[in-house]
Amino acid sequence: MLTDDPKKYEEPLKQSLKLFEELFACYYASLVGYAYKIVNDTQAAEDIVQDVFMGLWSKKDVLDFSESIKPYLFKAVYNRSLNYLSSLHTTLDVDGEDTYILLHKQITSYNQQDSLLLKEVEEEIRRFIETLPPQCRKVYKLSREENLKNREIAEKLNISEKTVEDHIRKALRELKTHLVKSGFWMILILMN
């Protein structure tokens, strides 16, 4: 027989439920719109998003909600939408030409979504780079945006190549940490 007081579990459960409701209210409409762009069916899009939230609720004890959950939700909707299309494709009796047109439309849609996500990541990188210390930011921009070699940067800024390498290493390390914390790192991994 359990000796634990069941009331001690009520407060964490209430907090989880409140967080879940907030996530649902915040992301439901945009996720349905995203799913609709992929599956082109309103009811299916709503079902897909509801399934994703059900899966999220079942994993509430495993997922880290201190990290950005947005990339997780969009990738989950993307995958469920693909699964839906795959199952739909196997149940429909379409000829080869219709299948080709359907697949082309879906591939084009996925590429557009990936493009939008990539632009969002690039904008986040630009915003972060502006927060770097001035010299580090300058070295990073010369290296990544102007494609200068370390030697050229060192000459231009009158610093050693080792200092250039240190600034680039620091910028990349801090950028990676920022992208991981903000949830963008997973988008980059999943897009590859």
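Scroll up to find the structure this text is about.
Residues numbered from 1 in each chain as written. Predicted model: local features only at pLDDT ≥ 70, side-chain atom pairs only at ≥ 80, totals over all residues. Heavy atoms only, no water.

1. With respect to helix 6 (residues 150–157)
For step 1, the next point in the chain: For helix 6, the full list of buried residues reads I153, A154 and L157. For helix 6, the arc enclosing every buried residue in end-on projection is 100°, short of the 170-degree limit, so these residues lie on one face. Helix 6 presents E155 and K156 as exposed residues on the side facing more than 90 degrees away from its buried surface.
For step 2, the next point in the chain: Considering only its buried residues, helix 6 is in contact with helix 5 (134–144) and helix 7 (161–182).
For step 3, the next point in the chain: After helix 6 finishes, the residue N158 shows a positive phi value of roughly 60°. (Buried < 20%, exposed > 50% of the residue type's maximum accessible area, 1.4 Å probe, protein only. Helix = DSSP H or I, 4+ residues; strand = E, 2+ residues; numbered from the N terminus. Arc of directions from axis to C-beta. Contact = heavy atoms within 4.5 Å.)

2. Remarks on unusual backbone geometry
For step 1, the next point in the chain: Phi at N147 takes a positive value of approximately 55°, unusual for a residue other than glycine.
For step 2, the next point in the chain: As for its position among the elements, N147 is in the loop between helix 5 and helix 6.
For step 3, the next point in the chain: Judged by its relative accessible area of 60%, N147 falls in the exposed class.

3. Quick word on helix 2 (residues 42–58)
For step 1, the next point in the chain: Its 17 residues give helix 2 an end-to-end C-alpha distance of 24 Å, which sits within 8% of 24 Å, the value for a rise of 1.5 Å per residue.
For step 2, the next point in the chain: For helix 2, the complete set of buried residues consists of A44, A45, I48, V49, V52, F53, G55 and L56.
For step 3, the next point in the chain: Where helix 2 begins, one side-chain oxygen reaches toward the backbone nitrogen of Q43, 3.0 Å away; that side chain belongs to D41. (Expected span 1.5 Å × (residues − 1). Polar contact = N/O pair within 3.5 Å; in protein donor to acceptor, adjacent residues only side chain to side chain.)

4. Description of the environment of E46
For step 1, the next point in the chain: Counting through the fold element by element, E46 comes out in helix 2.
For step 2, the next point in the chain: Filtering out sequence-adjacent residues up to four positions away, E46 remains in contact with Y28 and V32.

5. What about the nonpolar core?
For step 1, the next point in the chain: Core analysis: the biggest nonpolar cluster contains 24 residues, and L31, V49, F53, L73 and V77 have the highest contact counts within it.
For step 2, the next point in the chain: It is helix 1 (residues 10–39) that contributes the most residues to this core, 10 residues altogether.
For step 3, the next point in the chain: If we ignore the near neighbours within four places in the chain, the residues touching L31 are V49, F53, L73, F74 and V77.
For step 4, the next point in the chain: Counting residues in each nonpolar core, the second largest holds 8 residues, with L132, Y140, A171 and L179 among its members. (Core = buried A, V, L, I, M, F, W, Y, C linked by side-chain atoms within 4.5 Å.)

So, to be careful, I would describe these as geometric facts and stop short of saying anything about function.
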